[in-house]
Amino acid sequence: MARIAFLLTLAAVLLLALSPVRFLQELDMGFTFHHDKLNHAAAFAALAALGSLG
């Protein structure tokens, strides 16, 4: 189950990281910490936690 959650989270992180900001804002998916380093740290922390469970 953790492997599936990891893969889904990885796909979501890639989608959010590679999509233009304007596109995400149009879809009301523009959630952010307003600091690029915090966004990356949160994404990698979630992936690390799920990866360690898998």
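A few points on the structure. (Residues numbered from 1 in each chain as written. Predicted model: local features only at pLDDT ≥ 70, side-chain atom pairs only at ≥ 80, totals over all residues. Heavy atoms only, no water.)

Another aspect to go through is the overall build of the protein. Secondary structure summary: the protein contains 3 helices and 0 strands in total. Reading the secondary structure of the protein in the N-to-C direction produces α-α-α. C-alpha extents for the protein along the principal axes are approximately 35 × 20 × 15 Å. Out of the 54 residues belonging to the protein, those deemed buried represent 7%. Carbon and sulfur atoms make up 71% of the accessible area of the protein, which totals about 4500 Å². (Helix = DSSP H or I, 4+ residues; strand = E, 2+ residues; numbered from the N terminus. Buried < 20%, exposed > 50% of the residue type's maximum accessible area, 1.4 Å probe, protein only. Areas by Shrake-Rupley, 256 points an atom, 1.4 Å probe, with all protein chains shown as cover.)

Let's shift gears to the packing of helix H1 (residues 2–18) against helix H3 (residues 36–53). Across the interface, H1 lies against H3 with an axial gap of 8 Å and an inter-helix angle of 160°. Comparing the axis directions of H1 and H3 gives the class roughly antiparallel. The hand of the H1/H3 crossing is left-handed. Contacts between H1 and H3 pair Ala2, Ala5, Phe6, Thr9, Leu10 and Val13 from the former with Ala43, Leu47, Leu50, Gly51 and Leu53 from the latter. Per-class residue counts for the contact of H1 with H3 are 9 nonpolar, 2 polar and no charged. (Axes fitted to C-alpha atoms, helices over the stretch in contact; angles between N-to-C directions. Parallel < 35°, antiparallel > 145°, perpendicular 65-115°, else oblique. Left-handed = near helix turned anticlockwise from the far one by under 90°. Contact = heavy atoms within 4.5 Å. Nonpolar A, V, L, I, M, F, W, Y, C, P; charged D, E, K, R; others polar.)

Okay, the environment of Leu38 next. Among the secondary structure elements, Leu38 is positioned in helix H3. Judged by relative accessible area, Leu38 falls into the partly exposed class, the value being 46%. In this structure, the C-alpha to C-alpha distance between Leu38 and Leu10, residues 28 residues apart in sequence, is 17 Å.

This is a description of form; function is not addressed.
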